[in-house]
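Here is what each chain is made of, one letter per residue.
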Amino acid sequence: MSKKSINKITSTTVPLQEQNVDTDQIIPARFLKATSREGFGENLFRDWRYNSDGTPKKDFVLNNPTYSGRILVAGMNFGCGSSREHAAWAIKDAGFDVVVSSFFADIFKNNALNNFLLPVTVSEEFLQELFTTIQNDPKATITVDLEAQTISNAPGGKTEKFEINNYKKTCLLNGYDDIDYLLSIRGEIENFERSHA
């Protein structure tokens, strides 16, 4: 199994209750000079996270040691604004494997899936229950099961199904990028070509 693969993740969470978070807030444009995917995590939410002198803002959630985990729980309309693959790079590089919201911008959603970051869309009601659970117990865990396409709020006792494109699901479960996927079905492609020669 690839190190990039995602199947079942049970983790504590980081709650970001802001709505309409755009890609420039996720990773400001001035940090887009690099072309490799590493190193963007330190500038995730840079302007919300740090003062102009580089000191951390104590009231920002990513600077609060109370919260940690591989799942970012965000407000509605996450990843809006300009198309910026670096936004997905930054979130992934900061140690997150899943982002939960009640709505994602389509371009961000596709960029996330292409970079082994799972965007999970839930109902607004379920999202608010997650925020309440986290507020009551920052060490509470939630479980995201990609195979079953479910997200479970254990303390709240509720589970919701989520949708994902079948091709992207296969890629995430196996840690495949597009080329890896084609190589995985090479035998089927060769058989097809032979039968239609």
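Worth saying up front: this structure is predicted, and the values here are computed from it rather than measured. (Residues numbered from 1 in each chain as written. Predicted model: local features only at pLDDT ≥ 70, side-chain atom pairs only at ≥ 80, totals over all residues. Heavy atoms only, no water.)

Turning to the environment of Asp106, a few remarks are in order. Looking at the element boundaries, Asp106 is found in helix α4 (residues 106-114). By relative accessible area, Asp106 is classed as exposed at 57%. Residues Asp106 and Ser83, spaced 23 residues apart in sequence, show a C-alpha to C-alpha distance of 9.5 Å. (Helix = DSSP H or I, 4+ residues; strand = E, 2+ residues; numbered from the N terminus. Buried < 20%, exposed > 50% of the residue type's maximum accessible area, 1.4 Å probe, protein only.)

Turning our eyes to something else, we now look at the packing of helix α3 (residues 85-93) against α4. α4 packs onto α3 with a crossing angle of 50° between their chain directions and a minimal axis gap of 8 Å. One element, α3, and the other, α4, form an angle in the oblique class. Where α3 crosses over α4, the two elements pack in a sense that is right-handed. On α4, the residues that touch Glu85, Ala87, Ala88 and Ile91 of α3 are Phe108, Asn111 and Ala112. When the residues that make up the contact of α3 with α4 are grouped by side-chain class, the tally is five nonpolar, one polar and one charged. (Axes fitted to C-alpha atoms, helices over the stretch in contact; angles between N-to-C directions. Parallel < 35°, antiparallel > 145°, perpendicular 65-115°, else oblique. Left-handed = near helix turned anticlockwise from the far one by under 90°. Contact = heavy atoms within 4.5 Å. Nonpolar A, V, L, I, M, F, W, Y, C, P; charged D, E, K, R; others polar.)

Here the focus is the pattern of salt bridges. According to the stated counting rule, one finds five salt bridges in the structure shown. Note that Asp47 is salt-bridged to Arg30, the shortest N-O span being 2.5 Å. Taken together, the positions of Asp47 in helix α2 (residues 46-49) and Arg30 in the loop between α1 (23-26) and α2 put the pair 17 residues apart, joining distant regions of the chain. Under the relative-accessibility criterion, Asp47 is labelled partly exposed at 38%. Residue class for Arg30 comes out partly exposed when judged on its relative accessible area of 45%. In this structure, the salt-bridge partner of Asp97 is Lys92, at a minimum N-O distance of 2.6 Å. Among the residues examined, Lys92 registers a relative accessible area of 25% and is labelled partly exposed. By sharing partners, the salt bridges in this structure join Arg70, Lys92 and Asp97 into a single network. (Salt bridge = Lys/Arg side-chain N within 4 Å of Asp/Glu carboxyl O.)

For the rest of this paragraph, the subject is the sheet that holds strand β3 (residues 71-74). Strand order in the open sheet formed by four strands is β2-β3-β4-β5, and the pairing between neighbours is parallel. At either margin of the open sheet sits one strand with a lone partner, and together these are β2 (13-16) and β5 (118-121). The sheet shows a mean angle of 20° between the axes of neighbouring strands, direction not considered. (Pairing = 2+ DSSP bridges.)

This brings us to the sheet that holds strand β7 (residues 150-153). The sheet built from four strands is open, its strands ordered β1-β6-β7-β8 with antiparallel pairing. Each having just a single partner strand, β1 (8-11) and β8 (158-161) make up the two edges of the open sheet. Taking the axes of each pair of neighbouring strands and ignoring which way they run, one obtains an average angle of 10° across the sheet. Pairing geometry for strand β6 (residues 142-145) and β7, over four bridges, is antiparallel. When the bridges of β7 are listed, Asp145 appears paired with Thr150. Each of β6, β7 and β8 touches helix α5 (residues 124-136); the most contacted strand, β7, lies at about 40° to it.

On to the packing of aromatic side chains, then. In the structure shown here, the tally under the stated rule is seven aromatic pairs. Centroid distance Phe104 to Phe108: 6.1 Å. Interplanar angle 15°. Geometry classified as stacked. Neither residue differs from the other here; Phe104 and Phe108 are each classed as buried. Counting every residue linked through ring pairs, the aromatic cluster contains Phe45, Trp48 and Phe60. Residue placement shows Arg46 over the ring face of Tyr50; its charged tip is 4.4 Å from the ring centre. (Phe/Tyr/Trp six-rings, centres within 6.5 Å; stacked < 30°, edge-to-face > 60°. Lys NZ or Arg CZ within 6 Å of the ring centre and 35° of its normal.)

Bringing unusual backbone geometry into the picture now. Despite not being glycine, Phe45 has its phi angle at roughly 50°, a positive value. Along the chain, Phe45 falls in the loop between α1 and α2. Note on Phe45: relative accessible area 0%, which makes it buried. Unlike most non-glycine residues, Phe116 shows phi in positive territory, near 60°. Of note, Phe116 is situated in the loop between α4 and β5.

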